[in-house]
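Each chain, written out:
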Amino acid sequence: MTIPWLTVLWVIPAIASLVLVLLPAHAAETAKRLGLGAAVVTAVWAIVVATRFSASGGERFQLVEDVSWIPAIGARYSLALDGIGLALILLTACLTPVLLLAGWRDADARRGDGAPRAVHAYAALLLAIEAMVLISFVATDVLLFYLVFEAMLIPMYFLIGGYGTNASRAAVKFLLYNLFGGLIMLAAVIGLYVVTARTGPGTFSLTDISAAAQRGELDASATTMNLLFLGFLVAFAVKAPLWPLHSWLPDAAVAATPSAAVMMMAVMDKVGTFAMLRFCLGLFPESAERFAPFVSALAVVSILYGAILAIGQTDVMRLIAYTSISHFGFIVLGVFAMTSQGLAGSTLYMVNHGISTAALFLVAGFLVSQRGSRIIADYGGLQKVAPVLAGTFLVAGLATLSLPGLAPFVSEFLVLIGTYVRYPAAAVLAALALVASALYILWTYQRMFGGPVREPEVAVRDLNLRQRVVVAPLIAALLVLGFFPGVILNFVDPAVGHTMTTIGRTDPPSVAGGER
């Protein structure tokens, strides 16, 4: 009997989500425990799936599941795993139980109008997002990917609007931006199907279309393929988010609960950058090469824009949101450098950004929930009254600025080196953000945690046991991956090699002759 490893992976949180929705509202604690248990089981299953994956296997995709889904249009339920998808699956599966535990009390408070919040629905929405994100990392049917790409917006919309603070406007802005990008992608998906139908039965298969594009067998002009590429790119650039399609992110991150904001920035938004790598490069290699300088320029703008605006923020949560815009710029820059080091660095950056952002945003959220203020100037001297909280904030902040020895350093280094051999000016400008990141993190820490203790800070409590259990694995992961990035790169590198072959690109001599 063949076990459908990848189907079981997303079905566990999906079924748990449905069960939680059916629970009565008074069963709040039961819902929390059931949701956390399902998330832990999913994480364990993801680790088991990782043990079934062979990094040295010759095939690009493993654990393939492929059955007919909608025969009339050639759509298939097609799942497969490569090293890049595996890295993001492990991030998603291992981070979700941490977020459920971190947000244990997020849904307990009443809404602004005094109405109670549905605790069981909060956990159900988080698990529903997890299920759809997991499908997106293994879907090799373009139509299937598109459906989950759009569907995950709905539970996130309700998480922001239903459980955040003054969040209705931010939730609507989030939804409108992403639906706009999704509608453009839908037109591109239909156009791609029409192109494949000109030379045979229409298909949505990623592998079949990629192979046809590589052989030059798609019956479409360069202009048509460029337009289709841009249709996919816009949708992914909104989700990522990439400047100038980014403005929904700071509002949504500040309005949502910390756990929901981390699910959005650290997990869901990775679908956008992952899809750039898998679909924009895989389906449209020639168009990707043609537009790479333009996209790289936008990525550099995002890097500098996010870092500079972070410096001027007075709201600590908004500051962290702007740092994510800068970091997503690095990820996109590495993808469109189209070198093995750039692609590997981008994949590793997706994982490391998820961990570092989760640590920083959650610790900041623990603090804000006590003081009731997000304004940096309202704090001071906290390292004396809450040393563990201050220490974890500092470590997470130093990871955000890519301090050597912490996980993001290696990924950022790979991205810059992989970019430099293609676009030296872009790499040099992107490196300037390192100075800005040191400024906004260290200055924020000095203002909030240094100096004399202020009177309101006397009542601030240090991290409790639950909060320490949340933060400890994140800090540990930052340290482990900082010194042993091979834990991820060992199975990412072969997938990157397959991707480079698929898009028909080779490294410049300075990269091809070097060793990582």
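Here the residue numbering is sequential within each chain, running from 1 through the sequence in written order. Since the coordinates come from a predicted model, pLDDT governs what is reported: local features require at least 70, and pairs of side-chain atoms require 80 or more to be given and counted, while whole-chain, interface and lining totals use all residues. Working from all heavy atoms in the structure, the side-chain values ignore hydrogens and water.

J.: Explain the environment of P250 here, please?
T.: Note on conventions: DSSP H or I runs of at least 4 residues are helices, E runs of at least 2 residues are strands, and numbering of each starts at the N terminus. Relative to the helices and strands, P250 is located in helix α10 (residues 248-255). Any residue under 20% of the maximum accessible area for its type is buried, any over 50% is exposed, and the rest in between are partly exposed; the area is computed with a 1.4 Å probe on protein chains only. For P250, a relative accessible area of 1% corresponds to the buried category. The sequence separation of P250 and A321 amounts to 71 residues, and the corresponding C-alpha distance is 5.2 Å. Setting aside anything within four residues of it in sequence, one finds P250 in contact with R318, A321, Y322 and I325. Two residues form a contact once any of their heavy atoms are found within 4.5 Å.

J.: What is the right way to read the confidence of the model for the chain from this model?
T.: Note: predicted coordinates in regions of low pLDDT should not be interpreted at a detailed level. Per-residue confidence from the prediction method is given by pLDDT, with values spanning 0 to 100. The share of residues in the chain with pLDDT of 70 or more is 95%, and the mean pLDDT across the chain is 86. For the chain, per-element mean pLDDT is lowest for helix α23 (residues 509-512), which scores 58, and highest for helix α5 (residues 142-151), which scores 93. Here residues 110-116 is a poorly scored stretch, pLDDT under 50, and it has six contacts once near neighbours within four places are set aside; other chains count. Below a pLDDT of 50 lies the segment residues 512-516, which in the model reaches seven contacts outside its immediate sequence neighbourhood of four places, other chains included.

J.: I would appreciate a short explanation of the nonpolar core in the present structure.
T.: Within soluble globular proteins, side chains that are nonpolar generally end up buried alongside one another. By size, the foremost hydrophobic cluster in this structure holds 198 residues, and its most contacted members are F174, F232, F236, M264 and F336. If one sorts the elements of this core by residue count, helix α15 (residues 340-371) sits on top with 17 residues. The residues touching M264, leaving out its near neighbours within four places in the chain, are M156, I160, F174, W248, L249, A252, A253 and D269. Residues belong to a common nonpolar core when they are buried Ala, Val, Leu, Ile, Met, Phe, Trp, Tyr or Cys residues joined through side-chain atoms within 4.5 Å.

J.: How should the pattern of salt bridges be read in this particular structure?
T.: Where charged atoms from two side chains of opposite charge approach closely, those side chains can pair. Only one rule defines a salt bridge in this text: a Lys or Arg side-chain nitrogen within 4 Å of an Asp or Glu carboxyl oxygen. Tallying each qualifying case throughout the model produces five salt bridges. One salt bridge in this structure joins R76 and D66, with 2.9 Å as the shortest N-O distance. Separated by 10 residues along the polypeptide, R76 in strand β2 (residues 75-81) and D66 in strand β1 (residues 62-70) bring together distant segments of the chain. On the basis of relative accessibility, which here comes to 32%, the residue R76 falls in the partly exposed class.

J.: Please explain the UniProt feature "domain: NADH:quinone oxidoreductase/Mrp antiporter transmembrane" (unreviewed entry) in the chain as it appears in this structure.
T.: UniProt positions are given in the numbering used here, feature names are shortened, and annotations may be inferred rather than shown by experiment. Under the UniProt annotation, "domain: NADH:quinone oxidoreductase/Mrp antiporter transmembrane" (unreviewed entry) lies at residues 139-430. Between the C-alpha atoms that bound residues 139-430 the distance is 32 Å, and the span itself is 79% helix and 0% strand.

J.: Would you mind going over the side chain of T42 with me for this structure?
T.: Take T42: it is sitting in helix α2 (residues 28-52). Apart from the residues within four sequence positions on either side, T42 is in contact with L9, I12, P13, A93, E130 and L134.

J.: How should I be thinking about the packing of aromatic side chains in this particular structure?
T.: The description of two aromatic rings rests on the distance between their centres and on the angle between their planes. Classification of ring pairs uses Phe, Tyr and Trp, with its six-membered ring standing for Trp, and accepts pairs whose centres are within 6.5 Å; under 30 degrees between planes counts as stacked, over 60 as edge-to-face, and the remaining range as tilted. Within the structure shown, the criterion is met by 19 aromatic pairs. Taking the centre distance of 6.5 Å and the plane angle of 75° together, the rings of F229 and F336 count as edge-to-face. With F229 in helix α9 (residues 222-239) and F336 in helix α14 (residues 316-337), the pair connects residues that are 107 residues apart, well separated along the chain. Overall, F229 belongs to the buried group, its relative accessible area being 0%. What makes F336 buried here is its relative accessible area of 0%. An aromatic cluster of at least three residues, connected via ring pairs, comprises F145, F149, F229, F232, F236, F279, F284, F291 and F336. Ring-over charges, as used throughout, are those where CZ of Arg or NZ of Lys falls within 6 Å of the ring centre and within 35 degrees of the ring normal. One cation-aromatic arrangement involves K239 over F149; the distance from NZ or CZ to the ring centre is 4.3 Å.

J.: Would you mind going over the environment of F236 with me for this structure?
T.: Residue position: F236 is located in helix α9. Between the C-alpha atoms of F236 and I12, which are 224 residues apart in sequence, the distance is 27 Å. Apart from the residues lying within four places of it in its own chain, the contact partners of F236 are F145, F149, M185, G272, A275, M276, F279 and C280.

J.: How should I be thinking about the pairing of β2 in this particular structure?
T.: The two faces of the sheet receive side chains in turn, since in a regular strand these alternate between them. The buried count for β2 comes to six of seven residues, which makes it a mostly enclosed element. Here, a strand pair is defined by DSSP locating no fewer than two bridges between the strands. Direction of pairing for β1 relative to β2: antiparallel, over a ladder of six bridges. Bridge pairing links Q62 to L81 in β2. With antiparallel pairing between neighbouring strands as the criterion, β1 and β2 make up a hairpin whose turn holds four residues, including G74 at a positive phi of roughly 75°.

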